[in-house]
Amino acid sequence: MSVVEKSQKVDRILAVDDTKDNLILVQTILESEGYQIDLATDGKSALEYVEKSPPDLILLDVMMPGMDGYEVTDRIRKNPAIKIYIPILLITAFHESSVVDGLDAGADDFIRKPFDTDELLARVRSLLRLKRSLDEQDKMARQREDFVSRLTHDLRTPLVAADRMLGLFLEETFCKISPEMKQAISVMIRSNKNLMQMVNTLLEVSRMDAGKKTFNDDVCNLPEIIQEVVSELAPLTNEKNLNVTVDTSGLANNPTNPGVVMGDPLELRRVFNNLLGNAIKFTDTGGITIRISEQADNPKDKTWVIIAVEDTGYGIAPEDQAGIFERFRQGRNKRSGSGLGLHLSYRIAEAHGGNITVASELGKGSVFTVRLPKSIEETAEC
């Protein structure tokens, strides 16, 4: 049974060599096995071919004039226009050629001339199996992302409708209701909003994973954004009798544009809403302090805006802190949510050139610290 019959598709292989006789030999061997072979005689034409019509496998000679196989491999791996993974088999006639250099450049395998035909075919089959496996994984990942995106989008419609209907009940639009019923409806509204927030977070994570998430670039006044978030969550802090303090004393040394960064104001608001919401959720007594400051790594390096959200809550066990920003990583506290909020917050901070870290001690509270690069000079607001 031929290779074509087994795979039910013709695998396309690009052979690159500056010696025509070598190309003819490789072409003859591989075409006899049912592969479709395209030829290139130098690195430049090979790069143009790969970008225009990516093959399933590349057989690449190392020693070529102008641009050797290592450079061709490196350029292919670093080319953002090549969206799929293409296995590369390097071929050389020189024993002193460095296997390490080739593999470091991004090659998948290495074979020396004069090669044994059976060995060449075995390595080709192995790399094509790798290619098919990676393609199948990518296909499954895309299907999963599409399913999650569609599911979360479809879930939003009934949740929004339920929220509006519950609001009408609470306002006694249809009939008078008892105080006990109002209290029950309020609980339902809160639960519905929590579910809506979870669905929205899942949708944003799905977009991020699919590479479809876009960020606006605007001037953001972080002290104002944080103060707005504190005001929005005031009903929750008042309900638990928690005091929230915003400390901006760390900005005193920069009177011109304190705490201002470039970024997406809505996404940064999402980060601080999540961090403050978590602090409120896991704190029953004491309070929450949000400290905003600026710090330069050294006088000539960039300045960072640092926002630390400190609570007096339950704290996080040391074994849970290492993976706390991983997707679906839930804490051991019974109030822990889906494990997506912190993951999304970290991804947003990372997309802005920053990060989030955590320091915590059981029974004494936690501190989540956001670092964002300060990259503007003008004073402005978003």
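As annotated in an unreviewed UniProt entry, the chain is histidine kinase from Nostoc piscinale CENA21.

Draft legend 1. Focus on the overall build of the chain. Scanning the chain from terminus to terminus reveals 12 helices and 12 strands. A total of 382 residues make up the chain; the buried ones form 40% of that total. Residue pairs in contact within the chain that sit at least 24 positions apart in sequence constitute 68% of those at least 6 positions apart. A total accessible area of about 21100 Å² is found for the chain, and carbon and sulfur atoms account for 52% of it.

Draft legend 2. Molecular detail of the side chain of Ser-366. Along the chain, the position of Ser-366 falls in strand E12 (residues 365-374). Non-local contacts of Ser-366, meaning those with residues more than four positions away in its chain, are made with Val-309, Glu-310, Asp-311, Gly-315, Ile-316, Ala-359 and Ser-360.

Draft legend 3. Inspection of the pairing of strand E9 (residues 287-296) at higher detail. Sheet analysis places strand E7 (residues 243-250) next to E9, joined by six bridges and oriented parallel. Bridge pairing in E9 links Gly-250 to Ser-293. Of the strand pairs in this sheet, E9 and strand E10 (residues 303-311) are connected by nine bridges, and their pairing is antiparallel. Across the sheet, residue Thr-289 finds its bridge partner in E10, namely Glu-310.

Draft legend 4. Focus on helix H8 (residues 222-232). Taken together, the buried positions of H8 are Leu-222, Pro-223, Ile-225, Ile-226, Val-229 and Val-230. Buried residues along H8 cover an arc of 165° about the axis, so they all sit on one side.

Draft legend 5. Examining unusual backbone geometry more closely. Cis geometry is adopted by the peptide bond preceding Pro-114, which originates at Lys-113 and carries an omega value of -10°. Tracing the sequence through the fold places Pro-114 in the loop between strand E5 (109-112) and helix H6 (117-170). A positive phi angle, near 60°, is found at Glu-172, a position not held by glycine. Tracing the backbone through its elements, the reader meets Glu-172 in the loop between H6 and helix H7 (179-209). Phi at Asn-241 takes a positive value of approximately 55°, unusual for a residue other than glycine. With respect to the helices, strands and loops of the structure, Asn-241 is situated in the loop between helix H9 (234-239) and E7. Residue classification places Asn-241 among the exposed residues on the basis of a relative accessible area of 68%.

Draft legend 6. Summary view of the UniProt feature "modified residue: 4-aspartylphosphate" (unreviewed entry) in the chain. The UniProt record annotates "modified residue: 4-aspartylphosphate" (unreviewed entry) at Asp-61. Relative accessible area serves as the criterion here: at 4%, Asp-61 is assigned to the buried category. Beyond its immediate chain neighbours, meaning those up to four positions away, Asp-61 contacts Val-16, Asp-17, Asp-18, Gly-69, Ile-91, Thr-92 and Lys-113.

Draft legend 7. Here's a closer look at H7. With 31 residues, H7 should reach 45 Å at 1.5 Å per residue; the first-to-last C-alpha distance of 45 Å fits that figure. Residues of H7 that are buried: Ile-185, Ile-189, Asn-192, Met-196, Val-199, Thr-201, Leu-203, Glu-204, Val-205, Ser-206 and Met-208.

Draft legend 8. Highlighting the sheet that holds E9. Read from one edge of the open sheet, five strands run E7-E9-E10-E12-E11, paired in mixed fashion. Unpaired on one side and paired on the other, E7 and strand E11 (355-361) mark the two borders of the sheet. In this sheet, neighbouring strand axes are inclined to one another by 15° on average, regardless of whether the strands run parallel or antiparallel. The pairing of E11 with E12 spans seven bridges and is classified as antiparallel. Each bridged residue has a counterpart across the sheet, and for Thr-357 the counterpart in E12 is Thr-369. Where helix H10 (residues 265-281) meets the sheet, its contacts fall on E7, E9, E10, E11 and E12, and the angle it forms with E12 comes to roughly 170°.

Draft legend 9. A look at the nonpolar core. The biggest cluster of nonpolar side chains holds 39 residues, and the ones touching the most others in it are Leu-222, Phe-272, Leu-276, Ile-290, Ile-307, Phe-368 and Val-370. Elements with a contribution of two residues or more to this core: H7, H8, H10, E9, E10, helix H12 (341-351), E11 and E12. For this core, the element with the most residues is H10, which contributes seven residues. Formed by 20 residues, the second largest nonpolar core is a distinct cluster that contains Val-50, Val-62, Met-67 and Val-72.

Draft legend 10. How the structure looks around the sheet that holds strand E1 (residues 12-16). With parallel pairing, the five strands of this open sheet are ordered in space as E2-E1-E3-E4-E5. Two strands bound the open sheet, and with one partner strand each, they are strand E2 (36-40) and E5. Adjacent strand axes in the sheet meet at a mean angle of 20° when their direction is disregarded. Here strand E3 (residues 57-61) runs beside strand E4 (residues 88-92); their pairing, made up of four bridges, is parallel. By the bridge assignment for E4, Asp-61 is matched with Ile-91. With respect to the sheet, helix H3 (residues 43-52) is in contact with E1, E2 and E3, its orientation differing from that of E1 by roughly 165°.

Basis of the calculations
Residues numbered from 1 in each chain as written. Predicted model: local features only at pLDDT ≥ 70, side-chain atom pairs only at ≥ 80, totals over all residues. Heavy atoms only, no water. Helix = DSSP H or I, 4+ residues; strand = E, 2+ residues; numbered from the N terminus. Buried < 20%, exposed > 50% of the residue type's maximum accessible area, 1.4 Å probe, protein only. Contact = heavy atoms within 4.5 Å. Areas by Shrake-Rupley, 256 points an atom, 1.4 Å probe, with all protein chains shown as cover. Pairing = 2+ DSSP bridges. Arc of directions from axis to C-beta. UniProt positions renumbered as here; feature names shortened; annotations may be inferred. Expected span 1.5 Å × (residues − 1). Axes fitted to C-alpha atoms, helices over the stretch in contact; angles between N-to-C directions. Core = buried A, V, L, I, M, F, W, Y, C linked by side-chain atoms within 4.5 Å.

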